[in-house]
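Listed here are the chains, written in short residue letters.
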Amino acid sequence: MPTPINLDDVTRAADRLRAGGIVASPTETVYGLGADALSPAAVNKVFALKGRPATNPLIVHVTGPEMALRVAASWPRRAELLADAFWPGPLTLVVPRRDDLPPAITAGGATVAVRSPDHPTAMALLFAFGGPLVGPSANKSGFISPTTAHHVRDAFLERDVLTLDGGPCSAGIESTVVLLTEPRVRILRPGLIGASDLAAVLREPVDLPGPAPSTAELLQSPGLLESHYAPSTQSFRFTARQAPSVAALARRARIAVIAHQELESLADLDSATLLPLPPLPRLYAARLYETLREADARGLEAIFILMPDTNDPNDPNPPASPTSAPASTADAHIWAAIADRLTRATRPFLAP
Ligand code: TXA
Ligand code: MG
């Protein structure tokens, strides 16, 4: 349950936004860094605070399709159908942008990404401010997204960012981003809403991101390029087959092992080494970033993360041997979204 909204805080935050300031707000996915989307100065401040490359566009938070038209040039039929079905919710729609939008938001591109967050505090802030707010994750560029107010306050000075505390985020990984401006609909960033959920509403096929993004895809969504969601400690992903090698390493080196399966070879690791995650993908996603931060804070030599098994034919990094029974079809795309984040946060462990 999210913490109840404090309307005094929201009013003060909306004032801060009107004065060109920055407000971090919880959403159901991760905390976002809000600023007036129609103010070039406020938008530039967000890029500067995050240390975000100017080539990586920001998403924009809106209360719904009507407010989306303050940044979007048109509201295609596909956007109407998807917003009807999934907003407010963890789905970002990439649509044509309006010409009067600060160009920095879209990194000079012709499209804008919009989403209506499913969180009472984020919505109250949007209504109190009365206009679209940029909504990138409230972390320094490349680092792990924040899932608590505490994470945001760790990264930014109170003077620069007013943080609204809405408790821990329920979803825990960033929204699905879907491109709607091309002949075929394509997911640019996987998330809790999967291709088959979108296809069922649109009644047309929805493409997944390829194993390696094409040049065209990178130009469209430069966020795909960077290493992301990464702890400061060097981090490796491993498969169940490699678990004995990881366990052997844990006896010699100061490492943390993050795993969602009770593997025999990891059974005798002490609780200071082994950080468990739930074997169910929604619960895993909700806990992932907090757990990565916890491991990172220990100042160890390395972090090792057991890769989930995925059923996804487009999985960029299929495990050499399954770590579990295949996930149920309904949740396979969530494991794929988790695998996407882990692949960006880690390097493969090369031991047998
Ligand atoms: O769940 C979320 O989406 C969170 C919460 C706070 O709403 N926000 C978030 O924003 O993750 P950000 O900026 O960290 O990630 C947005 C992603 C980036 O990978 C960016 O490259 C992509 O969306 N993106 C933004 N605008 C785009 C556009 N016009 N076309 C294609 N991709 C875009
Ligand atoms: Mg981000």
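Note on numbering: residues in each chain are counted from 1, in written sequence order. Whichever chain is written first is A, and whichever ligand is written first is 1; the rest continue in order. Under the rules for a predicted model, residues below a pLDDT of 70 receive no local features and side-chain atom pairs below 80 are neither given nor counted, while totals for whole chains, interfaces and linings still include all residues. Just so you know, side-chain values use all the structure's heavy atoms and leave hydrogens and water out.

Peer 1: Looking at this model, I keep getting lost on helix α7 (residues 195–202). Mind explaining?
Peer 2: Note: α-helices contain 3.6 residues per turn, so residues at a spacing of three or four share the same orientation. Buried residues are those whose accessible area, probed at 1.4 Å on protein chains only, stays under 20% of the maximum for their type, while exposed residues exceed 50% and partly exposed ones sit between those limits. Each helix is a run of H or I in the DSSP string that is no shorter than four residues. Each strand is a run of E no shorter than two, and both are numbered from the N terminus. Of all the positions in α7, only A195, L198 and L202 are classed as buried. Across the axial projection of α7, the buried residues extend over an arc of 70°, all falling on one side. Those residues of α7 that are exposed and aimed more than 90 degrees away from the buried face are S196 and A200. Whether two residues are in contact is decided by their heavy atoms, any of which lying within 4.5 Å being enough. Elements that come into contact with the buried residues of α7 comprise α4 (77–86), β4 (91–96), β8 (176–179), β9 (185–189) and β10 (206–207). Two residues or fewer after α7 comes R203, characterised by a positive phi angle close to 55°. Throughout, the arc means that of the directions going from the helix axis to the C-beta atoms.

Peer 1: What's the story with the confidence of the model for the protein chain in this structure? I'm lost.
Peer 2: Any region with low pLDDT has predicted coordinates that should not be read closely. Of the residues in the protein chain, 89% have a pLDDT of 70 or more, and the chain-wide mean is 91. Here residues 312–317 is modelled with pLDDT under 50, and outside its nearest four sequence neighbours on either side it reaches 10 contacts, counting other chains as well. Values of pLDDT, which run from 0 to 100, indicate the predictor's confidence residue by residue. Across residues 319–326, where pLDDT falls below 50, the model places 22 contacts with residues more than four positions away in sequence or in other chains.

Peer 1: Is there a simple way to think about the sheet that holds strand β15 (residues 347–348) in this case?
Peer 2: Paired through backbone hydrogen bonds, the strands of a sheet run either parallel or antiparallel to each other. Here, strands pair whenever DSSP counts at least two bridges between them. With parallel pairing, five strands are arranged side by side in an open sheet as β13-β12-β14-β11-β15. Each end of this open sheet is capped by a strand with a single partner; those strands are β13 (274–276) and β15. Pairing between strand β11 (residues 235–238) and β15: two bridges, direction parallel. Its bridge partner being in β15, F236 is matched across the sheet by R347. Contacts between helix α10 (residues 281–297) and the sheet are confined to β12 (255–259), β13 and β14 (302–306), with β14 contributing the most and set at about 160° to the helix. The convention used is that axes are lines fitted to C-alpha atoms, helices contributing only their stretch in contact, and that angles between N-to-C directions extend from 0 to 180 degrees.

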